[in-house]
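The lines below spell out each chain.
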Amino acid sequence: PATVAFVVPAFEARRAAAIAARAAAEVPPALHTWEEDGSAFDVVRGLLGRAFIHTGLDQPSVGLRAVDGTFLVAELRAVKSAAEVSLLRHASVATKAAVAAVARSVSAGMTEAAVGAMVRGALRAAGLGDPWALVLFDQDAAFPHGTEGGEDGGDGGGEVARLRDDGSVVLIDAGGDVHGYQSDVTRTFWFAGGARRGGGAGGGAGSVAAIAAAAAADGAGGAKCGAVDAAARDEIARRGYGPGYRYFTHRLGHGIGLDGHEPPYMTRGAERLVAAGNAFTVEPGVYVAGEFGVRIEDMVVVVDEEEEGEGGTVRRSVVVLGAESKSIDDPFDGHL
């Protein structure tokens, strides 16, 4: 008879069991665990019996061959159903509302860690599970995910940087899940005149805000993922923040669903075609070392709609899940 085995860390056993139970699979999987000081490969070796495993599972075994089965489910997961899109939309809208609510409540002297705690609390209040937040002020935001020295060991930000009376640039990257489907949203805003103190930040933020939604539309016609990234990167460069990765230091976006990062990836040179049902993030950014960082991130889904009339032509569009941040001076319009 067919058997299915889940090999998971011991601390994830309860979560894995719950996921397996919800799946109600015809062949219930058996859970096999390893402790932090153990080896997953030892567990797998025992399950495979006579298989020889060397450096993971990438070497031929004695009489057996290990094959990566990711592709079997990756393509299925990359195309979201209407129900999945609905869950992603709820997660995105709730996250945007939580971040907007916190932005209205911060005050001078607060640390990144304190604001991060507020964001996580707001996400929980909005009904999101496993909330997380990255909060960065001013020059800390010049590093897309912060700096080791500036963080407190958690994902909320550090205890050193504080909101300034004369103004700060504030970047909040946050998310959580709705029934397992993830959100990932970033908003950048000025606190107490941060745009004036930030100098060039104003121009950089304006560039990012202007293309955040438009970049995704380049994928509507079935473009390659790499072309979508290139469109955003070229536009940022045209506005004075180029070339290449000089100021926009990371890829444009990543797929999102049951995992926070999954295919498709909007990465320079990627040959994969954007397809109907793909859900991904669009997160252009401008990062100027020692000065500021700006990122605006939205979740989008690619939709095919059949137009009325003869011929049955299909119109493809990219829909932003929730309100857009169209102006850096009023980034939360429609969020609450």
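Everything numeric in this text was worked out from a predicted model, so none of it was measured. (Residues numbered from 1 in each chain as written. Predicted model: local features only at pLDDT ≥ 70, side-chain atom pairs only at ≥ 80, totals over all residues. Heavy atoms only, no water.)

**Some remarks on the overall build of the chain**
Summing up its helical and strand segments, the chain has nine helices and 13 strands in all. Taking all 336 residues of the chain together, the buried fraction comes to 44%. The long-range fraction of contacts in the chain, counting pairs at least 24 apart against all pairs at least 6 apart in sequence, stands at 63%. In the structure as shown, the chain presents an accessible area of about 16400 Å², 54% of it carried by carbon and sulfur atoms. (Helix = DSSP H or I, 4+ residues; strand = E, 2+ residues; numbered from the N terminus. Buried < 20%, exposed > 50% of the residue type's maximum accessible area, 1.4 Å probe, protein only. Contact = heavy atoms within 4.5 Å. Areas by Shrake-Rupley, 256 points an atom, 1.4 Å probe, with all protein chains shown as cover.)

**Concerning the environment of Phe332**
On the secondary structure map, Phe332 appears in the segment after strand 13 (314–320). Spatially, the C-alpha atom of Phe332 lies 8.4 Å from that of Arg187, the residues being 145 residues apart in sequence.

**Looking at the packing of aromatic side chains**
How two aromatic rings sit relative to each other is set out by the distance from centre to centre and by the angle between their planes. Overall, the coordinates contain two aromatic pairs when judged by the stated rule. Relative to Phe332, the ring of Phe189 has its centre 5.6 Å away and its plane inclined at 65 degrees; by these criteria the two rings are edge-to-face. With Phe189 in strand 6 (residues 185–191) and Phe332 in the segment after strand 13, this pair connects stretches of sequence that are 143 residues apart. For Phe189, a relative accessible area of 5% corresponds to the buried category. On the basis of relative accessibility, which here comes to 17%, the residue Phe332 falls in the buried class. Consider the rings of Tyr241 and Tyr247, whose centres lie 5.5 Å apart with planes at 80 degrees: the pair is edge-to-face. Residue placement shows Arg233 over the ring face of Phe248; its charged tip is 4.1 Å from the ring centre. (Phe/Tyr/Trp six-rings, centres within 6.5 Å; stacked < 30°, edge-to-face > 60°. Lys NZ or Arg CZ within 6 Å of the ring centre and 35° of its normal.)

**So, the pairing of strand 12 (residues 298–306)**
Pairing between strand 9 (residues 279–282) and strand 12: four bridges, direction antiparallel. Across the sheet, residue Thr281 finds its bridge partner in strand 12, namely Met299. Relative to strand 13, strand 12 runs antiparallel, the two being bridged by seven bridges. Residue pairing in the sheet places Val300 in a bridge with Val320 of strand 13. (Pairing = 2+ DSSP bridges.)

**Some points on the pattern of salt bridges**
Overall, the coordinates contain 12 salt bridges when judged by the stated rule. Here Arg233 ties to Asp229 by a salt bridge, and the two come within 2.8 Å at their closest N and O atoms. Separated by four residues within a single helix, Arg233 and Asp229 lie in helix 9 (residues 225–238), roughly one turn from each other. Judged by relative accessible area, Arg233 falls into the buried class, the value being 4%. On the basis of relative accessibility, which here comes to 0%, the residue Asp229 falls in the buried class. In this structure, Arg238 engages Glu235 in a salt bridge whose closest nitrogen and oxygen atoms are separated by 2.8 Å. Here Arg238 pairs with Glu235, and both are found in helix 9, just three residues apart, close to one helical turn. Here the salt bridges do not stand alone but share partners, grouping Arg77, Lys80, Asp259 and Glu262 into one network. (Salt bridge = Lys/Arg side-chain N within 4 Å of Asp/Glu carboxyl O.)

**What about the packing of helix 4 (residues 82–103) against helix 5 (residues 112–125)?**
Viewed as axis vectors pointing N to C, helix 4 and helix 5 meet at an angle of 140 degrees, and their least axial separation amounts to 9 Å. One element, helix 4, and the other, helix 5, form an angle in the oblique class. The way helix 4 lies across helix 5 gives a crossing that is right-handed. Here Thr95, Ala98 and Val102 of helix 4 lie close against helix 5, whose contacting residues are Val115, Met118, Val119, Ala122 and Leu123. Along the lines of polarity and charge, the residues of the contact of helix 4 with helix 5 split into seven nonpolar, one polar and no charged. (Axes fitted to C-alpha atoms, helices over the stretch in contact; angles between N-to-C directions. Parallel < 35°, antiparallel > 145°, perpendicular 65-115°, else oblique. Left-handed = near helix turned anticlockwise from the far one by under 90°. Nonpolar A, V, L, I, M, F, W, Y, C, P; charged D, E, K, R; others polar.)

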